[in-house]
Amino acid sequence: MKRPGPLLTLLAGLVLGVFLLSLNAATGTRTASADQKNPPGATVSPAAPGASASPSSPDPSSPGSSPSSPSSSPAVRPVPDADYAGRTDDDSSAVAVSLRNGKAIAYFCDGHDKESWLKGDVGNDGALKLTGRGGAELNGTLDDGRRIRGTVDLGGRRYGFTADRAVKPSGLYRATSTVRGAKIDGGWIVLPGGRQVGVVDRDGTPSKAPAIDPETGAVTIDGHRIVARPVTP
């Protein structure tokens, strides 16, 4: 058999060299690419199942993520509608107060010739500041709906008083009419226990009032029967 010539042997060696060169180049490229992704000394930890690569944002619906709201103001309790009646601290006079829908009307009288009707508003805190004719003034505070403590300024004097919550027939009554041509304006305070204190004004002249029937309000003045009715603001 005839051996391959020198030319054929050289050609085969050349082809083999080109193949090896190409193989080395491809292997180096893949190695460099892998080195760029994972540089020496770096540790790649596998991602935990279900974990997100980006940092999680707080859930706006979660209690801790929403801004804290300002604390709500305490609820204000409405002032109860009620009637109050009592005596002054020196026991010289009586005071009655009627409260309705945040309004107040009061009556002060000594059962002889001194009296005053006062009215005004009641604060949400139970404070009262009522005014009447001639600069008369009542200042008081509602104590848990049970009583009113305060003062009445009238005729240059100040009277301290305490008026407890009244249960009918206790409370404040008034009657207006015309009797024998005279204008009648009477006020009565029925105290707990039934005691009455009242003044009747006849055309500007005050005097002690006769007793009324608390059940009906009937009262006889100068021979004429009239009716006194409960007073509310």
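## What about the nonpolar core?
If you look at the biggest cluster of nonpolar residues, it comprises 21 residues, and the most contacted ones within it are V97, L99, L128 and L138. Residue assignment for this core shows that the elements contributing at least two residues are β1 (82-88), β2 (94-100), β3 (103-109), β5 (127-132), β6 (137-143), β7 (147-154) and β8 (157-165). The residues contacting V97, other than those within four sequence positions of it, are A82, D83, Y84, A104, I105, A106, L128, L138 and I148. Listed in part, the 14 residues of the second largest apolar core include I105, W117, A166 and I189.

## Concerning the sheet that holds β1
Taken in spatial order, the 8 strands of this closed barrel run β1-β2-β3-β4-β5-β6-β7-β8, and their pairing is antiparallel. Taken pair by pair, the neighbouring strands of this sheet meet at an average axis angle of 25 degrees, ignoring direction. Pairing between β1 and β2: 6 bridges, direction antiparallel. Of the residues in β2, the one forming a bridge with G86 is V95.

## What about the environment of A182?
Within the fold, A182 resides in strand β10 (residues 182-190). Residue A182 is classed as buried on the basis of its relative accessible area, which comes to 16%. Between the C-alpha atoms of A182 and D203, which are 21 residues apart in sequence, the distance is 5.8 Å. Setting aside residues up to four positions removed in sequence, A182 forms contacts with S177 and D203.

## Remarks on the sheet that holds β10
Read across the sheet, 5 strands follow the order β12-β11-β10-β9-β15 without closing on themselves; strand pairing throughout is antiparallel. Edge positions in the sheet fall to β12 (205-208) and β15 (229-230), since each of these pairs with one other strand and no more. Alignment of strand β9 (residues 171-179) against β10, held across 9 bridges, turns out to be antiparallel. Directly across from R174, in β10, lies its bridge partner G187.

## Regarding the confidence of the model for the protein chain
Mean pLDDT over the protein chain: 80, with 67% of residues reaching 70 or higher. A low-confidence stretch, residues 31-55 (pLDDT under 50), is modelled with 1 contact involving residues beyond four sequence positions or located in other chains. The low-confidence segment residues 60-70 (pLDDT under 50) makes 3 contacts with residues lying over four places distant or belonging to another chain.

About the criteria used
Residues numbered from 1 in each chain as written. Predicted model: local features only at pLDDT ≥ 70, side-chain atom pairs only at ≥ 80, totals over all residues. Heavy atoms only, no water. Core = buried A, V, L, I, M, F, W, Y, C linked by side-chain atoms within 4.5 Å. Buried < 20%, exposed > 50% of the residue type's maximum accessible area, 1.4 Å probe, protein only. Helix = DSSP H or I, 4+ residues; strand = E, 2+ residues; numbered from the N terminus. Contact = heavy atoms within 4.5 Å. Pairing = 2+ DSSP bridges. Axes fitted to C-alpha atoms, helices over the stretch in contact; angles between N-to-C directions. pLDDT = per-residue confidence, 0-100.

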